[in-house]
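Close look at the chain arrangement
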Amino acid sequence: QRLLKETEQRAAELAIINSVQEGLASKLDMQAIFDLVGDKIQSMFNAQSVIISSFDHEKQVSRLDYAFENGERVFDDELLSFSPMNIHLISTRQPVVINENASEATKQYGLKTIEGTQEPKSLIYVPFGTGVQVNGYFSLQNFDRENAFAESDVRLLQTLAGSMGIALENARLFNAEQQRAAELGAISTVTQAL
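Residues numbered from 1 in each chain as written. Predicted model: local features only at pLDDT ≥ 70, side-chain atom pairs only at ≥ 80, totals over all residues. Heavy atoms only, no water.

Looking at the overall build of the protein
Within the protein one finds five helices and seven strands. In sequence order, the secondary structure elements of the protein are arranged as α-α-β-β-β-β-α-β-α-β-β-α. By residue count, 38% of the 194 residues in the protein fall in the buried class. Taking the contacts inside the protein whose residues are at least 6 apart along the sequence as the reference set, 58% of them involve residues at least 24 apart. Total accessible area on the protein is roughly 11,500 Å²; 51% of this is exposed by carbon and sulfur atoms. (Helix = DSSP H or I, 4+ residues; strand = E, 2+ residues; numbered from the N terminus. Buried < 20%, exposed > 50% of the residue type's maximum accessible area, 1.4 Å probe, protein only. Contact = heavy atoms within 4.5 Å. Areas by Shrake-Rupley, 256 points an atom, 1.4 Å probe, with all protein chains shown as cover.)

Structural data, given as structure tokens:
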């Protein structure tokens with residue numbers, strides 16, 4: 001029965017991964033990629049908060065690309081300086097799972113609960129990026145209970161992170177190519193005029 005349950009869980013995970021990868025294959029807009037993956041994660045996991053944040057390594061800031069908390073989509077354009085959590089994810093490239101004593105554990109990563117918001121009891125941070133660097137993270141937070149996230153959740157999120165990292169790099173290359181084509185078009189127009 002245990003093996004059957006594990007097999008069923010793996011089959012469900014593969015179905016989720018396949019559906020996300022199919023959606024990502026058709027997206028060349030970065031925000032559309034964040035929205036697709038964020039909505040999928042939000043619908044799959046027992047988390048009252050889902051965050052996707054990307055990094056600007058040159059400026060050492062992070063941006064909130066997707067946030068969903070307590071049933072509502074949250075938008076915030078503020079750029080935040082790298083936190084100790086960001087630096088940890090970049091240097092280790094490993095997920096961080098906090099399933100117990102969240103208030104103490106989050107302090108070591110420089111995480112603070114915003115006044116007026118609920119303090120999470122379980123948190124998970126999974127970095128995403130390319131083979132070269134970490135470009136951001138997913139964060140899931142459960143406000144109701146400790147031990148909300150299992151090893152299988154981490155594994156599934158890591159797989160989604162890999163797929164999203166590739167899709168974002170493809171979108172970045174596509175956008176750079178479009179910009180280059182526009183520049184060449186402008187040069188050609190000026191050359192013809194001369």
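Some words on the pairing of strand β7 (residues 134–142)
Counting buried residues in β7 gives nine out of nine residues, a clear majority hidden from the surface. As judged from the six bridges shared by strand β1 (residues 49–56) and β7, these two strands associate in the antiparallel manner. Following the sheet pairing, Ser-54 is matched in β7 by Gly-136. Across eight bridges, the pairing between strand β6 (residues 122–129) and β7 is antiparallel. Bridging across to β7, Gly-129 finds its partner in Val-134. (Pairing = 2+ DSSP bridges.)

So, the nonpolar core
By size, the foremost hydrophobic cluster in this structure holds 25 residues, and its most contacted members are Ile-41, Ile-52, Phe-128, Phe-138, Leu-140, Leu-157 and Met-164. Those elements giving two or more residues to this core turn out to be α2 (30–44), β1, β2 (61–69), β6, β7 and α5 (151–193). If one sorts the elements of this core by residue count, α5 sits on top with eight residues. In contact with Phe-138, not counting residues within four places along its chain, are Val-37, Ile-41, Ile-51, Ile-52, Ile-124, Tyr-125, Val-126, Phe-128, Leu-157, Leu-160, Ala-161 and Met-164. (Core = buried A, V, L, I, M, F, W, Y, C linked by side-chain atoms within 4.5 Å.)

As for the packing of aromatic side chains
Tallying each qualifying case throughout the model produces five aromatic pairs. Between the aromatic rings of Phe-55 and Tyr-137, the centroid separation amounts to 6.0 Å while the plane-to-plane angle is 50°, which identifies the pairing as tilted. Placement of Phe-55 in strand β1 and of Tyr-137 in strand β7 is noted, with a sequence separation of 82 residues between them. Classification of Phe-55 as buried rests on a relative accessible area of 10%. Judged by its relative accessible area of 11%, Tyr-137 is buried. Seen from their ring centres, Tyr-125 and Tyr-137 are 5.3 Å apart, and the 50° between their planes marks the pair as tilted. Of this pair, Tyr-125 sits in strand β6 while Tyr-137 sits in strand β7, and the two are twelve residues apart along the sequence. (Phe/Tyr/Trp six-rings, centres within 6.5 Å; stacked < 30°, edge-to-face > 60°.)

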